[in-house]
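Okay, here's what each chain looks like letter by letter:
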Amino acid sequence: MTILSSLILLVLFASAAQGEAPAACELSTKIHAELAKVTEVKADPSDFDKHVAPLLALRQRYPDDLLVHELYQDAVQRFGIEGHLRKLTEEYQVLSMQHAGELMYSYLYARTLIGRNTPSAIRQINELLAEHPDFAPGHGSLAEIYASAAFGDHEKEKAERERFLRLCPRSVLQQRPGALPDPSPLVDQAERLLAGKDNPDRIAAMAEQGIRDDEWRLQRIRPFDWYSVAYKRQSQRDLQVKYWKLWNIEVRCARRAGHPEKATGLLAMMDQRVGVLGRSSDSGPVV
């Protein structure tokens, strides 16, 4: 099951469980039915447009539904890289200014900061709740933040969760951050296959896919304040080690395939990359 499908099922489950809960707690019957028809997205995890398109289309059809906006925001956070995440915040900042004083848009703008500038999100949501103490989504978001490892506060989490569940009984809160994908095993597998007689083009392609998978995984770490600077740097170092393995594999595969000129060119590129990686290791920005 894809992450998108899991997210949709979570929302559908929560909506079905709430019965006659307030409107801020549940999707309308019509939207509920549309979500139920969304098929699983068959795409590479890094294919942002294909994963987010169903939620973008839904938001365009229901621009005044807060829960639909939340679904769209969550999809961008799960599949987007730095540019997508920045654009999301900018988009909702503009909407909050166009709808000045409207609770929904002020909250949705603050919500885009969760995981990116979480202390600011906490402050803004608390300010909204001071004026609107029965605004369930705000309590739900704070409960999720306070349940996280990076911003954990058991007493606050308990209080916000209880307030949220009083307003939205039997609702489901999400875990923040979502689970990271495991580091790809493909580069190491490709390295082991070199000891045999497998097709060198297939081996090189496997290693390259492994790097793409790990590059996408790093994008799930670097833009977010759920993770420490030390963890981000270690993740970056781990990827750099795999790059060296990849380039070594590519050179050996080129030689095995009878392309010595290509192997020589790859070795020259490796020499150039030594300096690039040296400048981008610990001295490079990771936050």
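Residues numbered from 1 in each chain as written. Predicted model: local features only at pLDDT ≥ 70, side-chain atom pairs only at ≥ 80, totals over all residues. Heavy atoms only, no water.

**Student:** Hey, could you run me through the state of the cysteines in this one?
**Tutor:** Throughout this description, disulfide means a covalent bond between two cysteine sulfur atoms. This structure, assessed with the given rule, holds one disulfide. Here Cys25 is linked by a disulfide to Cys168, with a sulfur-sulfur distance of 1.7 Å. Its torsion about the S-S bond being -70°, the disulfide of Cys25 and Cys168 is classed as left-handed. With Cys25 in the loop between helix H1 (3-17) and helix H2 (29-36) and Cys168 in the loop between helix H9 (154-167) and helix H10 (186-193), this residue pair connects regions lying 143 residues apart in the sequence. Judged by relative accessible area, Cys25 falls into the buried class, the value being 9%. (Disulfide = S-S within 2.5 Å. Helix = DSSP H or I, 4+ residues; strand = E, 2+ residues; numbered from the N terminus. Buried < 20%, exposed > 50% of the residue type's maximum accessible area, 1.4 Å probe, protein only.)

**Student:** I would appreciate a short explanation of the packing of helix H5 (residues 82-98) against helix H6 (residues 103-112) in the present structure.
**Tutor:** For any two helices packed against each other, the geometry is given by the interaxial angle and the distance between the axes. At their nearest, the axes of H5 and H6 sit 8 Å apart, and the two run at 160° to each other. By the criterion of interaxial angle, the relationship of H5 to H6 is roughly antiparallel. The two elements H5 and H6 cross, and the hand of that crossing is left-handed. Along its contact with H5, which presents Leu88, Thr89, Tyr92, Gln93, Leu95 and Ser96, the element H6 presents Tyr105, Ser106, Leu108, Tyr109 and Thr112. For the contact of H5 with H6, the class distribution of residues is six nonpolar, five polar and no charged. (Axes fitted to C-alpha atoms, helices over the stretch in contact; angles between N-to-C directions. Parallel < 35°, antiparallel > 145°, perpendicular 65-115°, else oblique. Left-handed = near helix turned anticlockwise from the far one by under 90°. Contact = heavy atoms within 4.5 Å. Nonpolar A, V, L, I, M, F, W, Y, C, P; charged D, E, K, R; others polar.)

**Student:** What am I meant to see in the packing of aromatic side chains here?
**Tutor:** Each aromatic ring pair is summarised here by two numbers: the centre-to-centre distance and the angle between the ring planes. In this structure the tally under the stated criterion is five aromatic pairs. Consider the rings of Tyr107 and Phe135, whose centres lie 5.1 Å apart with planes at 80°: the pair is edge-to-face. One end of the pair, Tyr107, is in helix H6; the other, Phe135, is in the loop between helix H7 (118-131) and helix H8 (136-146), with 28 residues separating them in the sequence. No difference in accessibility class separates Tyr107 from Phe135, as the two residues are buried. Ring geometry for Trp244 and Trp247: centres 5.0 Å apart, planes at 85°, overall edge-to-face. Here Trp244 pairs with Trp247, and both are found in helix H12 (residues 229-256), just three residues apart, close to one helical turn. Counting every residue linked through ring pairs, the aromatic cluster contains Tyr243, Trp244 and Trp247. Stacked on the ring of Tyr72, the Lys or Arg Arg59 has its end atom at 4.2 Å from the ring centre. A cation over a ring is seen here: Arg220 above Trp216, with NZ or CZ 4.8 Å from the ring centre. (Phe/Tyr/Trp six-rings, centres within 6.5 Å; stacked < 30°, edge-to-face > 60°. Lys NZ or Arg CZ within 6 Å of the ring centre and 35° of its normal.)

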